[in-house]
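Given next are the chains, with one letter for each unit.
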Amino acid sequence: MILATTKERIIELIERKNISKALFFKETGIKRGLLDADKLKSTVTDVVVAKIIATYSDINPIWLITGEGKMLLNEEEKGSNNISPSVSPESEVGVPYYDVDFSGGFNAIFNNQTLLPDHNIVFAPFKDAQLWCNVTGNSMAEKINHGDIIAIKELTDWEENILFGEIYAVVTNHLRTIKIIRKSNNENNYRLVPINTNEFDENEVKKTSILKVFTVLGAIKKFF
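Reading the values: rules and limits
Residues numbered from 1 in each chain as written. Predicted model: local features only at pLDDT ≥ 70, side-chain atom pairs only at ≥ 80, totals over all residues. Heavy atoms only, no water. Helix = DSSP H or I, 4+ residues; strand = E, 2+ residues; numbered from the N terminus. Contact = heavy atoms within 4.5 Å. Areas by Shrake-Rupley, 256 points an atom, 1.4 Å probe, with all protein chains shown as cover. pLDDT = per-residue confidence, 0-100. Polar contact = N/O pair within 3.5 Å; in protein donor to acceptor, adjacent residues only side chain to side chain. Pairing = 2+ DSSP bridges. Axes fitted to C-alpha atoms, helices over the stretch in contact; angles between N-to-C directions. Parallel < 35°, antiparallel > 145°, perpendicular 65-115°, else oblique. Nonpolar A, V, L, I, M, F, W, Y, C, P; charged D, E, K, R; others polar. Expected span 1.5 Å × (residues − 1). Buried < 20%, exposed > 50% of the residue type's maximum accessible area, 1.4 Å probe, protein only. Arc of directions from axis to C-beta. 1 Å grid on protein atoms, 1.4 Å probe; cavity = no way out; pocket = protein on both sides within 12 Å on 5 of 7 lines; lining within 4 Å. Points joined across faces, edges and corners; volume = space filled by probe spheres on them.

Some points on the overall build of the protein chain
Here is step 1: Across its full length, the protein chain holds six helices and 10 strands.
Here is step 2: Of the contacts formed within the protein chain by residues at least 6 apart in sequence, a portion of 60% connects residues at least 24 apart.
Here is step 3: Counting every atom, the protein chain has about 12,400 Å² of accessible surface; 48% of that belongs to carbon and sulfur.

Next up, the structure:
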């Protein structure tokens, strides 16, 4: 969890960009109410921070999380706080990247113990990810686009910890998909909702069919 004072910096960011809170919530996909006066003492999750960083590429994540340094990256001294993603051949550095599609060969990562990552990705905003893999399809465009790579982390006790309205990667016996999870009128189901509703429909999945749920910490363009 990130310290509560991060919310004060989020408000400062909104004022600096001269945008409304409504536009901020729309652009980031963060739930309204985060910055309500009676909630300013509550914590901000890593997922919220990751969404802000992914939306506003000029934001210095170190400032957002800790308050240290300048708000905007172009205000930093050249060469300091370098947070551009990079590739590391060292298994101890960064987060493993597997050259598989989440909707395709993802299961092999867990079922084939001989499968090794191509390399590791070093990217501070998503350093807590479990792994990186590829995205195919445009059901979540413009947030997550075909050809992006995503940083994901398995959500333990997912039935208790799912935040409705957030983006998750869901694995069932017959399905691997990235969608927004929402409540269903059927208490035994979840609704899986795309962002690109012009081309894709939402559907429902039985809770009992779900094998794993991963928090999608963020997505970036493939840079290697």
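After that view of the structure, there is still more to cover.
Digging into the confidence of the model for the protein chain
Here is step 1: When pLDDT is averaged along the protein chain, the result is 84; 88% of the residues meet or exceed 70.
Here is step 2: Between the elements of the protein chain, mean pLDDT differs from a low of 61, seen in helix H5 (residues 107–111), to a high of 96, seen in strand S8 (residues 189–193).
Here is step 3: Here residues 77–82 is a poorly scored stretch, pLDDT under 50, and it has three contacts once near neighbours within four places are set aside; other chains count.

As for the side chain of Asn-145
Here is step 1: On the secondary structure map, Asn-145 appears in the loop between strand S4 (131–134) and strand S5 (148–154).
Here is step 2: Among the polar contacts made by the side chain of Asn-145, one reaches the main-chain carbonyl oxygen of Glu-142 at a distance of 3.3 Å.
Here is step 3: Ignoring sequence-local partners within four residues, the contact set of Asn-145 consists of Val-135, Gly-137, Asn-138 and Lys-221.

Examining the sheet that holds strand S6 (residues 167–172)
Here is step 1: A sheet is described by the order of its strands in space; here 10 strands give the open sequence S1-S3-S2-S4-S5-S10-S6-S7-S8-S9, paired in mixed fashion. The open sheet has two edge strands with one neighbour each: strand S1 (86–88) and strand S9 (203–206). Taken pair by pair, the neighbouring strands of this sheet meet at an average axis angle of 45°, ignoring direction.
Here is step 2: Of the pairings in the sheet, the one linking strand S7 (residues 176–183) to S8 comprises four bridges and is antiparallel in character. When the sheet's bridge partners are listed, Ile-180 is paired in S8 with Val-193.

Concerning the packing of helix H2 (residues 21–28) against helix H3 (residues 46–55)
Here is step 1: Where H2 contacts H3, the axes come no closer than 9 Å and their chain directions differ by 95°. Viewed along their axes, H2 and H3 adopt a mutual orientation that is roughly perpendicular. Contacts between H2 and H3 involve Phe-24, Glu-27 and Thr-28 on the former and, on the latter, Lys-51, Ile-52 and Thr-55.
Here is step 2: In terms of residue class, the contact of H2 with H3 is built from two nonpolar, two polar and two charged.

Focus on helix H1 (residues 6–17)
Here is step 1: When the terminal C-alpha atoms of H1 are compared, their 16 Å separation across 12 residues agrees well with the 16 Å that a helix rising 1.5 Å per residue should span.
Here is step 2: Turning to H1, its buried residues are Thr-6, Lys-7, Arg-9, Ile-10, Leu-13 and Ile-14. With its buried residues spanning 155° around the axis, H1 presents them on a single face. Exposed and oriented more than 90 degrees from the buried face of H1 are Glu-8 and Glu-15.

Considering the layout of surface pockets
Here is step 1: Within this model, the largest pocket holds a volume of roughly 900 Å³.
Here is step 2: If you trace the largest pocket, you find 39 residues lining it, with Lys-51, Ala-54, Thr-55, Lys-143 and Ala-219 closest to the centre.
Here is step 3: Among the elements that line the lining of the largest pocket, the one with the most residues is strand S10 (residues 210–221), at six residues.

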